[in-house]
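Each chain, written out:
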Amino acid sequence: MKALVIITGRGLGGDAVVGYNVITALEKKGVQCEIALDESAPGVLFKKKGLTWHKISIPQAGGHAATKASSIKAAFKMFTATFKARSLIKKLGVDFVVGIIGGGSIVASVGAKLARKPCATLCCTPLDMKVCPKLNHSIILPEYYLFRENNLPDNLSKTFYPLDDDVDSGDGAIALEKLKEIPLFDENKKTILFSSGSSLFKGMIEAANNFADFTDEYNVLLIGYPMHDEYMDMINEDKVIYLGFLDWLNHLYNYIDLAVLTDDGVMIEEVLACKVPIVTITKIKWGRYHNIAGIFEGAILESEMEDANECILTAFENYEAIKDSADRYAEELLDAKPSLAQKIIDVCGK
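None of these values were measured; they are calculated from a predicted model.

1. Brief notes about the overall build of the protein
Tallying secondary structure elements over the protein gives 12 helices and 15 strands in all. The globule rule puts the C-alpha radius of gyration for 350 residues at 20 Å, and the 20 Å found for the protein is close to it. In terms of its C-alpha atoms, the protein occupies a principal-axis envelope of roughly 60 × 40 × 35 Å. Residues classed as buried in the protein amount to 57% of the 350 residues present. Surface accessibility of the protein: about 15,400 Å² in total, with carbon and sulfur atoms responsible for 48%.

Here you go:
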């Protein structure tokens, strides 16, 4: 079998990680995968993996932050984009198409319909959920409210994020040796990781700075590529250890004591798979709120920005109970990747 996987975003983190993990899971089940990214995407993740991709147009409306104006603008671009996707699908002669989130899912859905090929899409935004279920089977990720429903129509199912095979195989000792090279790091202190994903948002910088000013009893780590260059100047590097974009996250996950994250995305599940407690700070990304703590009950404490410092201390005061809850989710999260691949094959093989 042969599939075309159409992935939204820049090919850097987030959506690209999801797409890559879907591809590797499908390939383990004997599916040959072709990749399509937007023509402007640098595709850094796929370059690092030695993979090539096809360049097409994949408009984005802004995901959860989409406005009526941005959605209309994207819709006009989408018309041309779907015909380009149709041409690529026919040219490659694939058996089915997979769309990964947002614009990638919509382009895959419409393009596959025009090419008369089966399609499955991963969806989590209001726009992709409005379009894709009308055209093909859609698999809902945790950010979308229907993930919490027990009974779904036949054309919908749900999945946790597919995770890297080695996400839970890191070595904390390796992370420790790397951190010891940093003068500000103190191995006698507990260590907290602050992150908003591959892209570093202003609010997460502020949260890390605030906590580092609030107490000096912890190592405060901050990771990610700043959304804007000027954000670099905001980081208080006298108190916050900024690590940039890491290729040893699996080792770091196995060293840190606590993660402070936004309430969305694959990193939450990566951290829980490594049995690390989490505090989520809501509304950092364009003011949106997902109630991810409601899905992983007991393993995540949720806070707004103004209460984050106290919430982090509360997490340490109740550390063992929160960690026990995190431990319970690990096996299910690690099983999500092969289960998702089989679901896609079952749906598209009908």
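2. Looking at the sheet that holds strand β14 (residues 278-281)
Within the open sheet, the 6 strands sit side by side as β12-β10-β8-β13-β14-β15. Their pairing is parallel. With one partner strand each, in any of the chains shown, β12 (241-244) and β15 (300-303) form the two edges of the open sheet. When the angles between neighbouring strand axes are averaged without regard to direction, this sheet yields 25°.

3. Quick word on helix α6 (residues 172-179)
Those residues of α6 that sit buried are G172, A175, L176 and L179. Down the axis of α6, the buried side of the element spans an arc of 100°, and every buried residue falls inside it. Among the structural elements, β10 (218-223), β12 and α8 (249-253) are those in contact with the buried residues of α6.

4. Some points on the pairing of strand β6 (residues 137-140)
A two-sided burial pattern is seen for β6, the buried positions comprising H137 and I139 on one face and S138 and I140 on the other. A crossover links strand β5 (residues 119-123) with its parallel partner β6, the connecting element being helix α5 (residues 126-131), and its sense is right-handed.

5. Remarks on the packing of helix α9 (residues 266-273) against helix α11 (residues 319-334)
Two elements in contact, α9 and α11, have axes separated by 7 Å at closest approach and are oriented at 115°. As the angle between them shows, α9 and α11 are arranged roughly perpendicular. The way α9 lies across α11 gives a crossing that is left-handed. Note on element contacts: α11 touches α9 through A326, A330, L333 and L334, opposite E269, L272 and A273. Taken together, the residues that form the contact of α9 with α11 break down as 6 nonpolar, no polar and 1 charged.

6. Things to note about the nonpolar core
I6, L122, L252, F296 and I344 are the most contacted members of the largest nonpolar core, which has 102 residues in total. The element that contributes the greatest number of residues to this core is helix α1 (residues 15-28), accounting for 8 residues. With residues up to four places along the chain from it excluded, the contact list for L122 reads V18, V22, G99, I100, I101, S105, D128, I139, L141, L340 and I344. With 29 residues, the next largest nonpolar core counts V220, I235, V260 and I281 among its residues.

7. Considering the environment of F185
Assignment of secondary structure puts F185 in the loop between α6 and β8 (190-195). Considered as a pair, F185 and A36 are 149 residues apart in the sequence and their alpha carbons are 41 Å apart. Filtering out sequence-adjacent residues up to four positions away, F185 remains in contact with L176, L179, K180, T191, N219, I241 and Y255.

8. A closer look at the pattern of salt bridges
For the structure shown, the criterion picks out 10 salt bridges. Here K2 makes a salt bridge to E34, at a shortest N to O gap of 3.9 Å. Separated by 32 residues along the polypeptide, K2 in strand β1 (residues 2-7) and E34 in strand β2 (residues 32-38) bring together distant segments of the chain. D213 is paired through a salt bridge with K239; the nearest N and O atoms lie 3.0 Å apart. Taken together, the residues span a long stretch of sequence, with D213 in helix α7 (residues 202-214) and K239 in the loop between β11 (225-226) and β12 at a distance of 26 residues. Residues joined by salt bridges that share partners form a network here, namely K28, D165 and K337.

9. Structural notes on the packing of aromatic side chains
Tallied over the full model, the rule gives 13 aromatic pairs. Relative to Y145, the ring of Y144 has its centre 4.8 Å away and its plane inclined at 40°; by these criteria the two rings are tilted. Classification of Y144 by relative accessible area gives buried; the value is 13%. Each residue in the set F194, F211, F214, Y218, F316 and Y319 is aromatic and connected to the rest through ring pairs, giving one cluster. Directly above the aromatic system of F147 lies the positively charged group of K158, at a separation of 5.4 Å from the ring centroid.

10. Details of a negative patch on the surface
On the surface, E306, D307, E310 and E317 cluster together into a negatively charged patch. Classification of E310 by relative accessible area gives partly exposed; the value is 48%.

11. A closer look at the side chain of N21
Tracing the backbone through its elements, the reader meets N21 in helix α1. A distance of 2.9 Å separates a polar atom in the side chain of N21 from the backbone oxygen of P162. Those residues in contact with N21 that sit more than four places away from it in its chain are P162, L163, D164 and K337.

12. Here's the deal with helix α4 (residues 102-115)
With 14 residues, α4 should reach 20 Å at 1.5 Å per residue; the first-to-last C-alpha distance of 20 Å fits that figure. Of all the 14 residues making up α4, 11 are buried; the element is thus mostly covered by neighbouring parts of the structure. Those residues of α4 that fall on the buried side of the exposure criterion are G102, G103, G104, S105, I106, V107, A108, S109, G111, A112 and A115. In the stretch just after α4, R116 is the one whose phi turns positive, near 60°.

So, how was this worked out
Residues take numbers from 1 onward in each chain, read along the sequence in its written order. Per-residue local features are limited, in this predicted model, to residues with pLDDT of at least 70; the limit for side-chain atom pairs, both in listing and counting, is 80 or more; totals at the level of whole chains, interfaces and linings are taken over all residues. To obtain the side-chain values, all non-hydrogen atoms of the structure were included, while hydrogens and water were left out. Going along the chain from the N terminus, every DSSP run of H or I of four or more residues is numbered as a helix, and every run of E of two or more is numbered as a strand. Radius of gyration means the value over C-alpha atoms here, while the globule rule gives 2.2 Å times the residue count to the 0.38 power. Buried, partly exposed and exposed residues are distinguished by accessible area as a fraction of the type maximum, computed with a 1.4 Å probe on protein chains only: under 20%, between the cut-offs, and over 50%, respectively. In these tables, accessible area is a Shrake-Rupley quantity obtained with a 1.4 Å probe, and a residue counts as shielded only by the protein chains included in the view. Two strands make a pair as long as DSSP finds a minimum of two bridges between them. All axes are obtained by fitting lines to C-alpha atoms, using only the stretch in contact for helices, and the reported angles, taken between N-to-C directions, cover 0 to 180 degrees. This arc corresponds to the set of directions leading from the helix axis out to the C-beta atoms. Two residues form a contact once any of their heavy atoms are found within 4.5 Å. Handedness rule for crossovers: strands pointing away from the viewer, path from the first strand over the helix to the second running clockwise, crossover right-handed. The labels follow the angle: roughly parallel below 35 degrees, roughly antiparallel above 145, roughly perpendicular from 65 to 115, and oblique for the rest. Put simply, a crossing is left-handed when the front helix is turned counterclockwise from the back one by less than a right angle, and right-handed when it is turned clockwise. Ten residues, namely Ala, Val, Leu, Ile, Met, Phe, Trp, Tyr, Cys and Pro, are considered nonpolar, four, namely Asp, Glu, Lys and Arg, are considered charged, and the remaining ones, Gly among them, are considered polar. Take the buried Ala, Val, Leu, Ile, Met, Phe, Trp, Tyr and Cys residues and link them wherever side-chain atoms come within 4.5 Å; each set so joined is a nonpolar core. Criterion for a salt bridge: a side-chain nitrogen of Lys or Arg within 4 Å of a carboxyl oxygen of Asp or Glu. Two rings from Phe, Tyr or Trp (for Trp, the six-membered ring) form a pair when their centres are within 6.5 Å of each other. A pair whose planes differ by under 30 degrees is stacked, one over 60 is edge-to-face, and the rest are tilted. Put simply, a charge is over a ring when the Lys NZ or the Arg CZ is close to the ring centre, within 6 Å, and near the line of the ring normal, within 35 degrees. Patch criteria: residues need more than 30% relative accessible area and no salt bridge. Like-charged residues are merged within 9 Å; nonpolar side chains of Val, Leu, Ile, Met, Phe, Trp and Tyr are merged within 5 Å. Note that His is not counted, nor are the chain ends; the positive residues are Lys and Arg, and the negative ones are Asp and Glu. Each charge is placed at NZ for Lys, CZ for Arg, CG for Asp and CD for Glu. Here a polar contact is recorded for every N or O atom pair within 3.5 Å, except that within protein the pair must consist of a potential hydrogen donor and a potential acceptor, and residues adjacent in sequence are included only if both atoms are side-chain atoms. One less than the number of residues in a helix, times 1.5 Å, gives the span that helix is expected to have.

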